[in-house]
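The primary structure of each chain is shown beneath.
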Amino acid sequence: MTTLVVLILTLMADQSTKGLVTRTMSPGESIPDDGFVRATYVLNTGSAFGLFPDQTLLLTLASLVGIGVLLVFYRTHPVDSFMLRLSLGLMLGGAMGNLIDRVRLGHVVDFIDVGAWPVFNLADSSIVVGLIGLLLTVTSAKSGSRAPTDAAPAAAFASAESDWAEQAPDAWSGDYNDHFGVAPETLGEALRSGKEEGVGVVRTLVADAPGERLDRFLADRNGDLSRSHVAGLVGRGLVRVNGAAAKASYRLKGGETVEVEVAPPQPTQLTPQDIQLSVIYEDDDVLVVDKPAGMVVHPAPGHPVGTLVNALLGRMPELARIEDGLRPGIVHRLDRDTSGLMVVARNRQAHEYVARQLKNRAVRKVYTALVEGWLEPPEGTVAAPIGRDPRNRKRMAVVQEGRDSETAFRVLERLPGFTLVEAYPKTGRTHQIRVHFASLGHPLAGDGVYGGHDIGLGRHFLHAGVLGFKLPGDGRYVEHSAPLPPELSAMLADLQSTAAPSLTSAGRPPQQALERS
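Computed from a prediction, not measured in an experiment: that's the story for all the values here.

(A) Geometry of the overall build of the chain. Within the chain, the regular secondary structure consists of twelve helices and 19 strands. Across the 517 residues in the chain, those meeting the buried criterion constitute 51%.

This is the structure we're talking about:
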């Protein structure tokens, strides 16, 4: 509606001023005779700046093409930004104003004469202002400056997850280990797994508007979803038509089943709790903790309390002043069933300092993992792109179109039916270590998501045992370690007690690469 109103007002202003000029002035006349700003009646048979004179037919066709392009843009893109609606209205109104002149008069009426600048009219001004507004809007969107339309303050947990990842420092691009950060791609996983864990909610509708665009249909029938929000969900694969992903511009035929995954409101208040933590190191800037398996890092629907954040707030209430929503102080994270070391920032400067190291891959991370079978070779690197599993959208997988991922490893010990390894993730994709070893045919012991068998521990065998980084206070490099938790140590001891000495072998630091496509 805004675009139409602006278009009409622009067209009326343009035609009325031109009509006034043609009724009260003669071609070539200027009022006043001199001065920096004048009204000068000019019959322009060309385009702007007098280019292409006497080419009325060519310019008329060009105007029609330009108007057509703008209309197609308007029809195929969600136009929920006021600036975008205003810009399109100005450009369409101006283009139509000059088109009417060419069709009706065979030329364009120009009359605004400013200094040495070529004479122009209101239509030209509207086109220029609209074009600038359009460019600013597109540039802002590409640079990552998101309008709140894609994540309202009380909107779904999914939007909050995505916005938190995009608004945090550049390190949130995903260059962490397999459990570091919340990269934008994890949004879909959080929503889809919510069917069982109370995060994602699937809304099912029947298309009753043949010919209507998919994004407009969903926005009209879901009052809490704007077209830009719907477009974001479509782009993340969270909208399906008859079970298949579809584009926002898809034209409904009528009768299709349309599914859209959204999420319930996120928790709005953090609760400090007196939960014991194993603190490895602490200073005025950071805290290094040994997270136990089974503890969720931050509150989310289904896990409002009992998380590491709740425990941190109980120990350090000042963390609540760090404006990170539901994750105050959290620089990276581990999966619920992964144990080991995490660094927590106690202030904004420390958060940015450590996050920058993560982005630059300057943090040393060493994991101990038990994988099924006898892993060969004894050392190597898995370089395999990771993305959403096309057959099971709740999981990640090695896929050709995935993001570059790299994990080095070396064998520590061969045991009956298993191999104990150290893993050194060089990139930081979701579930990277788990996915890479599964892609080799050696899933982590106990990792049922990626093909591992139940080992009776209620968790997978993965422990973040070493974490090295530079301290924000003085830039000194420190390295911390945490032993295997008792349940993993006990299982390993049982396996070692039954292993023949000839089966065990220790490797050297990884040197050769095992490339996987």
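Picking up after the structure, the text goes on.
(B) Here's a closer look at the environment of Thr22. Residue placement: Thr22 occurs in helix H1 (residues 2-24). Given the relative accessible area of 34%, Thr22 is considered partly exposed. Linking Thr22 and Tyr41, residues 19 residues apart in sequence, is a C-alpha distance of 7.7 Å. The contacts of Thr22, once residues within four sequence positions are left out, are Tyr41 and Val109. Polar contacts involving the side chain of Thr22 include one to the main-chain carbonyl oxygen of Gly19, which spans 2.9 Å.

(C) Representation of the sheet that holds strand E4 (residues 201-206) within the structure. Strand order across the open sheet formed by four strands is E4-E7-E5-E6, with antiparallel pairing between neighbours. In this open sheet, the two strands that pair with only one neighbour each are E4 and strand E6 (244-245).

(D) Quick look at the sheet that holds strand E2 (residues 37-44). If you trace the three strands from one edge of the open sheet to the other, you get E1-E2-E3, paired in antiparallel fashion. The open sheet has two edge strands with one neighbour each: strand E1 (30-31) and strand E3 (108-114).

(E) Representation of the packing of H1 against helix H3 (residues 82-105) in the model. Interaxial distance between H1 and H3 falls to 7 Å at its minimum, and their mutual angle equals 35°. The hand of the H1/H3 crossing is right-handed. Grouping the amino acids of the contact of H1 with H3 by side-chain chemistry returns ten nonpolar, nine polar and five charged.

(F) Local environment of the side chain of Thr338. Position of Thr338 among the secondary structure elements: in the loop between helix H9 (308-315) and strand E10 (339-345). For Thr338, a relative accessible area of 0% puts it in the buried group. Engagement of the side chain of Thr338 in a polar contact is seen with the side chain of His460, the distance being 2.8 Å.

(G) Representation of the nonpolar core. Leu308, Leu312, Leu375 and Phe437 are the most contacted members of the largest nonpolar core, which totals 33 residues. For this core, the element with the highest residue contribution is H9, accounting for five residues. Apart from the residues lying within four places of it in its own chain, the contact partners of Leu375 are Phe409, Val411, Arg414, Thr419, Val421, Phe437, Leu440 and His442. One finds Leu205, Val230, Val234 and Val241 within the second-largest nonpolar core, a separate group that totals 18 residues.

(H) The arrangement of the packing of aromatic side chains in detail. Counted according to the given criterion, the structure contains one aromatic pair. On the numbers, 5.9 Å between centres and 65° between planes, the contact of Phe409 with Phe437 is edge-to-face. Residue Phe409 is found in strand E15 (residues 406-415), and its partner Phe437 is found in helix H11 (residues 432-439); the two are separated by 28 residues along the sequence. Both residues of the pair, Phe409 and Phe437, belong to the buried class.

(I) Examining the pattern of salt bridges more closely. Here the structure, examined in full by the defined rule, presents 20 salt bridges. Note that Glu376 and Arg414 form a salt bridge whose closest N and O atoms lie 3.5 Å from each other. A residue pair is termed long-range when its members are at least 10 positions apart, and Glu376 in the loop between strand E11 (364-372) and strand E12 (379-383) and Arg414 in strand E15 qualify at 38 residues. The partner of Arg459 in a salt bridge is Glu487, and the shortest N-O contact between them spans 2.9 Å. Remark: Glu487 occurs in helix H12 (residues 486-498) and Arg459 occurs in the loop between H11 and strand E17 (462-470); sequence separation between them is 28 residues. Taken together, the shared-partner salt bridges connect Glu282, Arg315, Glu318 and Arg346 into one network.

(J) Molecular detail of the layout of surface pockets. Estimates place the volume of the second largest pocket at around 720 Å³. For the second largest pocket, the lining is made up of 28 residues, of which Ser47, Ala48, Asn98, Asp124 and Ile127 are closest to its centre. If you list the elements that add at least two residues to the lining of the second largest pocket, you get E2, helix H2 (56-76), H3, E3 and helix H4 (122-142). Grouping the constituent residues of the lining of the second largest pocket by class yields 17 nonpolar, eight polar and three charged.

(K) Broad picture of H9. Burial of H9 is extensive: six of the eight residues sit out of reach of the surface. Among all positions in H9, only Leu308, Val309, Asn310, Ala311, Leu312 and Leu313 are buried. Of the surrounding elements, those touching the buried residues of H9 are strand E9 (286-291) and E10.

(L) Quick peek at the pairing of strand E7 (residues 257-262). Where E4 lies against E7, six bridges are found, and the strand directions are antiparallel. Paired with Val201 across the two strands is Val262, which belongs to E7. As defined by bridge partners, strand E5 (residues 239-241) adjoins E7 across three bridges and the pair is classed as antiparallel. Note on E7: the bridge partner recorded for Val239 is Val260.

(M) Highlighting a nonpolar patch on the surface. Among the surface-exposed residues, Leu4, Val5, Ile8, Leu9 and Met12 lie close enough to one another that they form a single nonpolar patch of about 470 Å² accessible area. Here Val5 shows up in helix H1.

So, how was this worked out
- Residues numbered from 1 in each chain as written.
- Predicted model: local features only at pLDDT ≥ 70, side-chain atom pairs only at ≥ 80, totals over all residues.
- Heavy atoms only, no water.
- Helix = DSSP H or I, 4+ residues; strand = E, 2+ residues; numbered from the N terminus.
- Buried < 20%, exposed > 50% of the residue type's maximum accessible area, 1.4 Å probe, protein only.
- Contact = heavy atoms within 4.5 Å.
- Polar contact = N/O pair within 3.5 Å; in protein donor to acceptor, adjacent residues only side chain to side chain.
- Pairing = 2+ DSSP bridges.
- Axes fitted to C-alpha atoms, helices over the stretch in contact; angles between N-to-C directions.
- Left-handed = near helix turned anticlockwise from the far one by under 90°.
- Nonpolar A, V, L, I, M, F, W, Y, C, P; charged D, E, K, R; others polar.
- Core = buried A, V, L, I, M, F, W, Y, C linked by side-chain atoms within 4.5 Å.
- Phe/Tyr/Trp six-rings, centres within 6.5 Å; stacked < 30°, edge-to-face > 60°.
- Salt bridge = Lys/Arg side-chain N within 4 Å of Asp/Glu carboxyl O.
- 1 Å grid on protein atoms, 1.4 Å probe; cavity = no way out; pocket = protein on both sides within 12 Å on 5 of 7 lines; lining within 4 Å.
- Points joined across faces, edges and corners; volume = space filled by probe spheres on them.
- Patch = residues over 30% accessible without salt bridge, like charges linked within 9 Å, V, L, I, M, F, W, Y side chains within 5 Å.
- Areas by Shrake-Rupley, 256 points an atom, 1.4 Å probe, with all protein chains shown as cover.

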